[in-house]
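# Understanding the architecture of this molecule
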Protein chains: 2
Amino acid sequence: MVVREKILDMVVSCFKRHGAKGLDTPAFELKEMLTEKYGEDSMLIYDLKDQGGELLSLRYDLTVPFARYLAMNKVKKMKRYHVGKVWRRESPTIVQGRYREFCQCDFDIAGQFDPMIPDAECLKIMCEILSGLQLGDFLIKVNDRRILDGIFAVCGIPESKFHAICSSIDKLDKMSWKDVRHEMVAKKGLAPEVADRIGDYVQCHGGVSLVEQMFQDSELSQNQHALEGLRDLKLLFEYLTLFGVAEKISFDLSLARGLDYYTGVIYEAVLLQTSARAGEEPLNVGSVAAGGRYDGLVGMFDPKGHKVPCVGLSIGVERIFSIVEQRMKNVGEKIRTTETEVFVATPQKNFLQERLKLIAELWDAGIKAELMYKNNPKLLTQLRYCENMGIPLMVIIGEQELKEGVIKLRSVASREEVAIKRENLVAEIQKRLSES
Amino acid sequence: MVVREKILDMVVSCFKRHGAKGLDTPAFELKEMLTEKYGEDSMLIYDLKDQGGELLSLRYDLTVPFARYLAMNKVKKMKRYHVGKVWRRESPTIVQGRYREFCQCDFDIAGQFDPMIPDAECLKIMCEILSGLQLGDFLIKVNDRRILDGIFAVCGIPESKFHAICSSIDKLDKMSWKDVRHEMVAKKGLAPEVADRIGDYVQCHGGVSLVEQMFQDSELSQNQHALEGLRDLKLLFEYLTLFGVAEKISFDLSLARGLDYYTGVIYEAVLLQTSARAGEEPLNVGSVAAGGRYDGLVGMFDPKGHKVPCVGLSIGVERIFSIVEQRMKNVGEKIRTTETEVFVATPQKNFLQERLKLIAELWDAGIKAELMYKNNPKLLTQLRYCENMGIPLMVIIGEQELKEGVIKLRSVASREEVAIKRENLVAEIQKRLSES
């Protein structure tokens, strides 16, 4: 939890640095709002039991609820972040770091703007967060749905199969091309030669030079959708260079993103595996951040179909938690679970009243303090508790101290003790805490 | 959202000051885990549709999941806080500040300790939070389930009706005694003279002196349950006096708390109505924090019935949000929704590239910055945006500045502009922000 909190703080502070405001949308949506937004993944949605009233489902992500919010409130422009739980009916063991309930951190920019400026900012944010969290080297794969559509068209796939083929290609990060090809031919009814043509394309990846190369492709360059996508990607790389992050980005034609709602640029960040060091478990966590442009989703919720173009990203914090946790296990790092600064102790019996008065003084001064909930705790037990919990300071009150109007202040690590006048205690503690 | 965040921060920092660690339990529980824990309120639980696998329900509060967690993990001692959503099937309009989905902030102490020390700390925490939030004057009503049970027994209510009568009495904060009496007689089958005897008790409230007075009650003082409750309350008042908060506490025999799981001391904080000032909407929000001791709940989840005594509190942050929002509306206060510190602007066309390079420098230095997502925005539009959003600083780059290697730094409020060497810009901005 302490680690989670630090990671979330870091993510949210990055979102705020980019001018986003916080927005919280409800955990459930009308069932009908969620259907047909996710493609094959729709079967993973949790529905609520019909107990009278509307048919409700738990949110599957934070994007569809955001689009619904924009449409319902007729908001045409907004930059927001949302940290919240989402729910998916998955077996929790399939992939490390995937659970049925998990936390997502989303940032989205809604509104009609000049092309690729918000899109580039989203990628910049992903870079800032992944660098900031020091997860090791990473790469962001970028593609565009329109380029994929263009490829599908020039390969001769009927438009009705675009989404299904997209879903298959999306599995290329977990399955070999051979298996994906088999799925496209055997399950989705693609002719083998069409599948092979697709294979030639989707196995390409590179930098901005690959964009130029695709412009030269005699067939693809005749396709209007593909051309638009390629033009935007070129502009995107220009802006990413100005942002100083272009070397982290790879144009990857195998990136498809399973969800139906993307309409333009799509991206997904992966950690680059460093060979596991001796004694370390190898980490295998898939993508740690992803997103894209979804210009049609808000219009699906608007009674008149008014569109609001959107682009956004989602940080896969659960996977990041897993990685950081695993790392800490590997290096044997111990993390404090509480923030307690001072422990109020006594070596004597019948000193509960004095301890209670003393700790209330500390709390009222904003100092994080604990005591034993016992009338007569042993001093050794109190000392051990401080050591186990990593509490840095101990204040000790007994008969002697009470008589002299002092309190003993003990550094738990160094075991040094000094007597301090009671009226100066709070100031002395605050001084020590600010120094450490 | 900004207000919410500040309130939650304040609550969590108080929980941490008292040595609690954060713990997050899942949003849904096995349906069977939640049944028979909430009494009459059980009908407000949201169930999930049976989609294969276990029958699940959404959590109704954070207490039952915590107890389940303790039992499953065989944890015998823990001080934790949890900020999370809970769900109840209520019509959202009934009471101001009650919704179907809402945020709860819970603090609980589990473990076998000497009596009333953790209980007193819970009440101290409630006082610290309510004082800290400056919601105006408040009072915490305290009672004990064992005293209520004793009263029911001496009034001649059969034990099988204790829970039902408890639920009726719990409504005394919203209904008159006459209506509650009617419910007890007409719906719950109590004899009118028994109801009247209860009425004599539950209309009493006062300080520690009322505890003494109840000790003198010839019938009640013969009841073992009541005696235990009274002894604990006396001790509780002693500790609360040491904590300096006794004057905020009222022993109130009408306090019952509807939930079935309480076994000992119970409490509920209410704001004291100050007469609405001219032009202000009167605030009506019910209780803003509550809790109590539940020594039997963990045992209900343990296969062997091992008990772990617990005491805790829940801060009704949704109601607190409503109050603070209403107040801000009343005084016409405007709150910034973003934290952006600097806006990157240009007065000229074709300066997008320079703006992008500049803003990346600011982001990379940790400065919160925004720009317009337009190739050629008008300067006036950019200025107005800063004024509307309350952004304090503006940096302006144009041909002249580019040639001279400077950036114009403008204070939005004072409209003063100075030219600053580009290499000193970040330092100058950081200096100004730290001064303001």
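Quick summary incoming for the structure in this document. Just so it is clear, the structure is predicted and the values come from calculations on it, not from any experiment.

## Notes on the sheet that holds strand β11 (residues 310–315) of chain A
Residue and element names in this part refer to chain A. Taken in spatial order, the nine strands line up as β1-β4-β5-β11-β10-β9-β6-β8-β7 in an open sheet, and their pairing is mixed. Looking at the sheet topology across the chains shown, the edges are occupied by β1 (21–22) and β7 (205–206). Examined bridge by bridge, strand β4 (residues 78–87) and strand β5 (residues 101–110) share 10 bridges and lie antiparallel to one another. Along β5, the bridge assignment pairs Tyr-81 with Phe-107. With respect to the sheet, helix α1 (residues 2–17) is in contact with β4, β5 and β11, its orientation differing from that of β5 by roughly 10 degrees.

## Side note on the interface of chain B and chain A
Between chain B and chain A, the contact holds 68 residues from the first and 67 residues from the second. Roughly 6000 Å² of surface becomes buried between chain B and chain A when both sides are summed, with 57% attributable to carbon and sulfur atoms. It is Arg-17, Trp-363 and Tyr-373 of chain B in chain B that bury the most area against chain A; as a group they hold 15% of the surface buried on that side. Inspection of the chain B/chain A interface yields 12 salt bridges. When the shortest N-O distance is used, the salt bridge between Lys-49 of chain B and Asp-47 of chain A registers 3.8 Å. Between chain B and chain A we count 30 residue pairs in polar contact (both at pLDDT 80 or more) in total. If one sorts the elements of the side of chain B that touches chain A by residue count, helix α13 (residues 352–364) of chain B sits on top with eight residues. Broken down by class, the residue content of the side of chain B that touches chain A amounts to 29 nonpolar, 14 polar and 25 charged.

## Details of α13 of chain B
Residue and element names in this part refer to chain B. Its 13 residues give α13 an end-to-end C-alpha distance of 18 Å, which sits within 8% of 18 Å, the value for a rise of 1.5 Å per residue. Among the residues making up α13, those that are buried are Leu-352, Glu-354, Arg-355, Leu-356, Leu-358, Ile-359, Ala-360, Leu-362 and Trp-363. Count one or two residues on from α13 and you reach Gly-366, which has phi positive near 85 degrees.

## Remarks on the pairing of β4 of chain A
All names here are of chain A. Burial analysis of β4 places nine of its 10 residues in the buried class, the great majority of the element. Relative to β4, β1 is paired through two bridges, and the arrangement is parallel. Paired with Lys-21 across the two strands is Arg-80, which belongs to β4.

## With respect to the relation of the copies chain B and chain A
Each copy superposes on the other: chain B lies on chain A with an RMSD of 0.1 Å after a rotation of 180 degrees and an axial shift of 0.0 Å. Each copy turns onto its partner about a two-fold axis. When the interface residues of chain B are mapped onto chain A, 99% of them are again interface residues, pointing to one common binding face.

## A look at the pairing of strand β14 (residues 393–396) of chain B
All names here are of chain B. Neither face of β14 is left uncovered, since the one carrying Leu-393 and Val-395 and the one carrying Met-394 and Ile-396 both have all their residues buried. Judged from the four bridges that link them, strand β12 (residues 342–345) and β14 form a sheet pairing that is parallel. Following the sheet pairing, Ala-345 is matched in β14 by Ile-396. Both β14 and strand β15 (residues 406–411) contribute to a ladder of four bridges, which runs antiparallel.

## Comments concerning the sheet that holds strand β14 (residues 393–396) of chain A
Residues and elements named next belong to chain A. Taken in spatial order, the five strands line up as β13-β12-β14-β15-β16 in an open sheet, and their pairing is mixed. The open sheet has two free edges, formed respectively by β13 (369–370) and β16 (417–421), since each of these has just one partner strand. In terms of strand pairing, strand β15 (residues 406–411) meets β16 through five bridges, oriented antiparallel. The residue bridging Leu-409 from the neighbouring strand is Val-418, located in β16. Contacts from helix α13 (residues 352–364) reach β12 (342–345), β13, β14 and β15, with the element oriented near 160 degrees to β12. Against the sheet, helix α14 (residues 379–389) makes contact with β12, β13, β14 and β15, and its axis sits at roughly 175 degrees relative to β12, the strand it touches most.

## Re the environment of His-225 of chain B
On the secondary structure map, His-225 of chain B appears in helix α10 (residues 224–242). It is 5.7 Å that separates the C-alpha atoms of His-225 of chain B and Gly-150 of chain B, two residues lying 75 residues apart in sequence.

## Brief notes about unusual backbone geometry
For residues other than glycine, phi is negative in most cases, and the peptide bonds are mostly trans. With phi around 65 degrees, Arg-415 of chain A is a residue other than glycine that occupies positive phi space. Within the secondary structure, Arg-415 of chain A sits in the loop between β15 and β16. If you check the backbone angles, Asn-350 of chain B has positive phi at about 60 degrees while not being a glycine. Relative to the helices and strands, Asn-350 of chain B resides in the loop between β12 and α13.

Rules used throughout
- Residues numbered from 1 in each chain as written.
- Chains lettered and ligands numbered in written order.
- Predicted model: local features only at pLDDT ≥ 70, side-chain atom pairs only at ≥ 80, totals over all residues.
- Heavy atoms only, no water.
- Pairing = 2+ DSSP bridges.
- Helix = DSSP H or I, 4+ residues; strand = E, 2+ residues; numbered from the N terminus.
- Contact = heavy atoms within 4.5 Å.
- Axes fitted to C-alpha atoms, helices over the stretch in contact; angles between N-to-C directions.
- Buried area = accessible area lost by both parts, 1.4 Å probe.
- Salt bridge = Lys/Arg side-chain N within 4 Å of Asp/Glu carboxyl O.
- Polar contact = N/O pair within 3.5 Å; in protein donor to acceptor, adjacent residues only side chain to side chain.
- Nonpolar A, V, L, I, M, F, W, Y, C, P; charged D, E, K, R; others polar.
- Expected span 1.5 Å × (residues − 1).
- Buried < 20%, exposed > 50% of the residue type's maximum accessible area, 1.4 Å probe, protein only.
- Least-squares fit on C-alpha atoms with pLDDT ≥ 70 in both.

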